Amino acid sequence: MSLQKIDAKMLSTMFLAGAKNLENKKEWINELNVFPVPDGDTGTNMTMTIMSAAKEVSALGNSADMESICKAISSGSLRGARGNSGVILSQLFRGFTRRIKEEEIITIPVLADAFDKAVMKPKEGTILTVARGASEKAKELVESGTEDMETFLSAVIEHARYVLSQTPEMLPVLKQAGVVDSGGQGLVEVLSGAFDAFQGKEIDLTFTAPVSIGGGVSRSASLEAQAEADIKFGYCTEFIIMLNKTFNIKSEMDFKAYLESIGDSIVCVADDDVVKVHVHTNDPGLAIQKALKYGALSNLKIDNMRLEHQEKLFKMSEKENASKQQPEAENKPAEPPKDYGFIAVSVGDGINEIFKSLGVDYIIEGGQTMNPSTADILDAVEKVNAKTVFILPNNKNIILAANQAAELTTEKDLLVIPTKTIPQGITAVINFMPEQSADENEENMIQEIANVSTGQVTYAVRDTVIDDKEIKKGDYMGIGDKGILSVGTSVNEVAKATIAEMVTDDSELISIYYGSDVTEEDAEAFRAIVEETHPSCDVELQYGGQPIYYYVMSVE
């Protein structure tokens, strides 16, 4: 006879099994992101969110009661939430656990009611659509008199999978890209893992520690350790081939195929008589030997990524030790709080310095490549000695976490300026007026960021079709505020076309921030192209140092 009720111990096991299944499918879920950019992170964000809760649940042991487990799930996921998908997952858990926390055992009607309490108003075709589908199926099963828990859970999950399969029909962008909603897939994996545990399947419930971006302009040691553990190919290898023989489309495809056989993170783009190459591999010599068949090499650069992570860990350890000793050495009285302070989420040493020069008190390094959690933001708020703190998320995927942090902040006022890009964040802080009230500044900054158009140039990590544009793996893409603006095989041509899509007759200023993979010489040459193409606009060029994105550009 199968189990008909879920007690606290079973709930704990099911939750941990759901978390483990999500962790196992993390990279696959990342690949379901519509935009084929190197920082696709839905799976990562959802996993890090649930792992924060899993750590707290695991710490309770086998004797915890229902209320304690529910509190661990709710508070752990709430504080650990990263990205929109992670924040939504944490809110689903919060609604679900609020209903069951006072129960000693969970019956089918209670479970159905908890599904219902978890659901928020969905945007069709998203994780919330899948959650609503599961809730509606649960309610239907209760009304039909289903009494077997295994039958109930199986039917709910099967329906959730069906709703997930229909998400491309609800969101055209999913259908065009040929994928289901990545957040919805993550939720289905959590439910499936939990059901496996309910059925008594043997599951490895050992977890890697959840990570935190930590303080200031560096990530925590645990993040670096996790990143090092995830490095499959240890050497980041870059060079340019100065062609001395014909390099046609077939040659390019053959060379790409060879690079894929020895590594990953590949960029191989031919432009006139040169070929730019980037590959992560365990044997750079193989890539170099193959490339020499096509011509001479220049700009050769090989970085040991594992060694770089070890060095970062050592430096961070020294910094942490120094910070621990400092309070004992300096026993200064606390300064009174100032009226206003600023926190900015940023990435790239150049952009970090720009924000600091504009008076930002605290930088959370993260942004595109790693979304900070609610707890990271709360920690930053603690470190800013001000009565009112403005936070600039500078990424649409961080705004929900910032709003969640604002709800949890009690001793200070945390005001979220909903900046979706770095240029919007820079514009916001430039327009801050210290003599005005917090409300006036909030209104003014929100108005000003609406006048900023942003474009970002990166490369595609897989083939897809978006906005009727066919994108091939290795292509360069210009991504605007609302979609893909340009696709091509030349960084400069794509960047130029992206700016052209943003400039209007009223545009006055074009700002260009060049990334860590662009030389100052190349950036200056690109600036000259933009000045010639748009003579009526002022063109500013600054070093951003951001990874992954060759150029971040804004038009005002």
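Quick look at the structure, then. (Residues numbered from 1 in each chain as written. Predicted model: local features only at pLDDT ≥ 70, side-chain atom pairs only at ≥ 80, totals over all residues. Heavy atoms only, no water.)

### Some details on the overall build of the protein
Across its full length, the protein holds 21 helices and 16 strands. Among the 556 residues that make up the protein, the fraction classed as buried is 52%. When the accessible area of the protein is evaluated, it comes to approximately 25,800 Å², of which 49% is carbon and sulfur surface. (Helix = DSSP H or I, 4+ residues; strand = E, 2+ residues; numbered from the N terminus. Buried < 20%, exposed > 50% of the residue type's maximum accessible area, 1.4 Å probe, protein only. Areas by Shrake-Rupley, 256 points an atom, 1.4 Å probe, with all protein chains shown as cover.)

### A closer look at the packing of helix H5 (residues 83–100) against helix H17 (residues 399–408)
Contact geometry of H5 with H17 gives a least axis separation of 8 Å together with a crossing angle of 45 degrees. Viewed along their axes, H5 and H17 adopt a mutual orientation that is oblique. Contact residues: Asn84, Val87, Ile88, Ser90, Gln91 and Arg94 in H5; Leu400, Ala401, Gln404 and Glu407 in H17. Tallied by class, the residues present in the contact of H5 with H17 amount to 4 nonpolar, 4 polar and 2 charged. (Axes fitted to C-alpha atoms, helices over the stretch in contact; angles between N-to-C directions. Parallel < 35°, antiparallel > 145°, perpendicular 65-115°, else oblique. Contact = heavy atoms within 4.5 Å. Nonpolar A, V, L, I, M, F, W, Y, C, P; charged D, E, K, R; others polar.)

### Quick look at the pattern of salt bridges
Scanning all chains against the criterion turns up 18 salt bridges. Here glutamate 23 and lysine 20 are joined by a salt bridge, their closest N and O atoms 3.1 Å apart. In this pair, glutamate 23 and lysine 20 are both assigned in helix H1 (residues 8–24), 3 residues apart and thus about one turn of the helix distant. Glutamate 23 sits in the buried class, given a relative accessible area of 15%. (Salt bridge = Lys/Arg side-chain N within 4 Å of Asp/Glu carboxyl O.)

### Remarks on the nonpolar core
Counting residues in hydrophobic clusters, the biggest one holds 98 residues, and the most contacted among them are Ile6, Phe15, Leu111, Phe152, Phe355 and Phe390. It is H1 that contributes the most residues to this core, 9 residues altogether. Those residues in contact with phenylalanine 390 that sit more than four places away from it in its chain are Tyr340, Gly341, Phe342, Ile343, Leu415, Ile417, Phe432, Ala438, Asn441, Glu442 and Met445. In this structure, Val457, Tyr514, Val518 and Tyr550 belong to the second largest nonpolar core, which totals 23 residues. (Core = buried A, V, L, I, M, F, W, Y, C linked by side-chain atoms within 4.5 Å.)

### As for the packing of aromatic side chains
Counted according to the given criterion, the structure contains 13 aromatic pairs. Taken together, a centroid distance of 4.7 Å and an interplanar angle of 35 degrees make the contact between phenylalanine 526 and tyrosine 551 tilted. With phenylalanine 526 in helix H21 (residues 520–533) and tyrosine 551 in strand E16 (residues 551–555), the pair connects residues that are 25 residues apart, well separated along the chain. Grouping residues by exposure puts phenylalanine 526 and tyrosine 551 together as buried. A cation over a ring is seen here: lysine 290 above tyrosine 258, with NZ or CZ 5.0 Å from the ring centre. (Phe/Tyr/Trp six-rings, centres within 6.5 Å; stacked < 30°, edge-to-face > 60°. Lys NZ or Arg CZ within 6 Å of the ring centre and 35° of its normal.)

### With respect to the sheet that holds strand E9 (residues 453–459)
With respect to topology, 6 strands assemble into an open sheet ordered E13-E12-E9-E16-E14-E15, the strand pairing being mixed. The sheet terminates laterally at strand E13 (484–488) and strand E15 (538–543), the two strands that pair on one side only. Geometrically, the sheet is characterised by an average inter-axis angle of 15 degrees between neighbouring strands, direction not taken into account. With 5 bridges joining them, strand E14 (residues 509–514) and E16 adopt antiparallel strand pairing. Opposite tyrosine 513, over in E16, you have valine 552 as the bridge partner. Packed on one face of the sheet, helix H15 (residues 349–357) meets E14 and E15 and runs near 110 degrees to E15. (Pairing = 2+ DSSP bridges.)

### Some details on a positive patch on the surface
A cluster of like positive charges, contributed by Lys123, Lys396, Lys420 and Lys482, occupies part of the molecular surface. Take lysine 482: it is sitting in the loop between strand E12 (476–479) and E13. What makes lysine 482 exposed here is its relative accessible area of 86%. (Patch = residues over 30% accessible without salt bridge, like charges linked within 9 Å, V, L, I, M, F, W, Y side chains within 5 Å. Lys, Arg positive; Asp, Glu negative; His and termini not counted. Charge placed at Lys NZ, Arg CZ, Asp CG, Glu CD.)

### Observations concerning the pairing of E13
Where E12 lies against E13, 4 bridges are found, and the strand directions are antiparallel. Looking at the pairing, tyrosine 476 lines up with glycine 488 of E13. Connecting E12 to the antiparallel partner E13 that follows it, the hairpin turn spans 4 residues, and glycine 483 within it adopts a positive phi of roughly 155 degrees.

### Some thoughts on the sheet that holds strand E5 (residues 338–346)
Backbone hydrogen bonds are what pair the strands of a sheet, in a parallel or an antiparallel way. What the 4 strands build is an open sheet, ordered E6-E5-E7-E8; its pairing is parallel. Both outer strands of the open sheet, strand E6 (362–365) and strand E8 (413–416), are each paired with one neighbouring strand and no more. In this sheet, adjacent strand axes meet at a mean angle of 20 degrees when their direction is disregarded. The pairing of E5 with strand E7 (residues 386–392) spans 6 bridges and is classified as parallel. Of the residues in E7, the one forming a bridge with isoleucine 343 is isoleucine 391. Of the strands in this sheet, E5, E6, E7 and E8 touch helix H16 (residues 374–383), which is tilted by about 165 degrees from E6. Packing against the sheet, H17 makes contact with E7 and E8, and its axis sits at approximately 160 degrees to E8.

### Considering the environment of lysine 301
By secondary structure assignment, the location of lysine 301 is in strand E4 (residues 295–304). Spatially, the C-alpha atoms of lysine 301 and isoleucine 240 are 9.7 Å apart, while their sequence positions differ by 61 residues. Ignoring anything within four residues of it in the chain, the contact list for lysine 301 reads Cys236, Thr237 and Glu238.

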